[in-house]
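Structure assessment
Letter by letter, the chains look like this.
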Amino acid sequence: MSDSPALAVPEPVHPLALPLLSGSRRALAKAITLTESTRPEHEVQAQRLQAQVLPRAGRSIRVGLTGVPGVGKSTFIEALGVWLANQGRRVAVLAVDPSSARTGGSIMGDKTRMPALTVHPNAFIRPSPSGGTLGGVARRTRETITLCEAAGYDVLLVETVGVGQSETQVAAMTDLFVLLTLPNAGDELQGIKRGIMELADLCVVNKADTNPKAATRAQTELRTALTLLTPHDAPWRPVALKASAVTGEGIPEVWAQVEQYAATVDLGARRHEQTAVWFDDLLREAAWKAFRAGVGAERIAQLRAEVQAGALTPVQGVQALLPQMWS
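We now turn to the structure provided with this report. (Residues numbered from 1 in each chain as written. Predicted model: local features only at pLDDT ≥ 70, side-chain atom pairs only at ≥ 80, totals over all residues. Heavy atoms only, no water.)

1. Some words on the pairing of strand E1 (residues 61-67)
The side chains of a regular strand alternate, residue by residue, between the two faces of the sheet. For clarity, the threshold we go by: Burial status follows relative accessibility: with a 1.4 Å probe on protein chains alone, a residue under 20% of its type maximum counts as buried, one over 50% as exposed, and anything between as partly exposed. Numbering of helices and strands runs from the N terminus; a helix is a DSSP stretch of H or I covering at least four residues, while a strand is a stretch of E covering at least two. Strand pairing requires that DSSP identify at least two bridges connecting the strands.
Across the seven residues that make up E1, a large majority, seven, are buried. Burial along E1 is two-sided: Ile61, Val63, Leu65 and Gly67 facing one way and Arg62, Gly64 and Thr66 facing the other are all buried. Taken together, the five bridges between E1 and strand E4 (residues 155-159) define a ladder with parallel strand orientation. What sits directly across from Arg62, in E4, is Leu156. Note that E1 and strand E5 (residues 176-181) share five bridges and pair parallel. Paired with Leu65 across the bridge in E5 is Val178.

2. Here we look at the packing of helix H2 (residues 25-36) against helix H3 (residues 40-53)
Note the cut-off: To obtain an axis, a line is fitted to C-alpha atoms, over the contacting stretch when the element is a helix, and the angle between two such axes runs from 0 to 180 degrees between their N-to-C directions. Here roughly perpendicular refers to angles of 65 to 115 degrees, roughly parallel to angles under 35, roughly antiparallel to angles over 145, and oblique to all remaining angles. We call a crossing left-handed when the near helix sits turned anticlockwise from the far one by less than a right angle, and right-handed when that turn is clockwise. Note on contacts: a residue pair qualifies if any of its non-hydrogen atoms lie within 4.5 Å across the two residues. Residue polarity is assigned by list, with Asp, Glu, Lys and Arg as charged and Ala, Val, Leu, Ile, Met, Phe, Trp, Tyr, Cys and Pro as nonpolar; anything else, Gly included, falls into the polar class.
Following both chains from N to C, one finds H2 and H3 inclined at 130 degrees, their axes separated by 8 Å at the closest point. Between H2 and H3, the crossing angle belongs to the class labelled oblique. At the point where H2 passes H3, the crossing takes the left-handed sense. Here Ala31, Leu34 and Thr35 of H2 come into contact with H3, specifically with His42, Gln45, Ala46, Leu49 and Gln50. Looking at side-chain class alone, the contact of H2 with H3 contains four nonpolar, four polar and no charged residues.

Structure follows, in structure tokens:
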């Protein structure tokens, strides 16, 4: 009997891999659906597909966009996306819709708000439910980014759920974070948390055509705020611009700043940071699944009921579980 180790048998090519790498939008849509599935067998298939297409990913500029209510995010993204697509760029829009806390459903109406971009041959739009995930993104947004890049899309626009409360994750998975505001930004800035302003690499006063004087004033206020919030040794000084998604004013200037940012910042280092954050998030998810499987959903439900009934404090309920975590 031979003692030589058995040769590793390579995994078969996933049926979606080759069509996806050839740029098939149908295959990309199917791959994203597979990736978003929570069924264990689908998760295994999705990870196999990810591993096979990953070498073709990473060749894009990833732009995260958020904005105050009524700022016209979808309209702005469509104007920017159509302009880029007409320049020959392949644009993928990942739009995250909030999920209902009661039913878990989402409206998923982003395609109806971007009619011109939806039918453009150089564009792909994918709305996804947040599924209760914090950070303004969906549960598998990072994996979706990888799939879009592998399919040949070189510009990724990630539209977040809302603004100012819990959208730090989108900044951790994109290269550039854009904050959209309105001409009356003096009032709107009061509703934006400082953390979002500190994350913004570019601020854009949208709907500038509706009130040019107010838009100019808002731009000045944003520049002052960004100057105060940006460290002196930062490699990039955030810029405030004016634009109108309706007239197209300022759209080329916005993209020029994106390209200037990409030429200034070490995107390679930023991607390494993104990968580390991705690992940490997956580790937390896997640790929770393993803990729940080890302790048992029934035991967790029992302690939750005791906490709700007032028999235990929340801290006592958690402490009752901790010894079982290490057993």
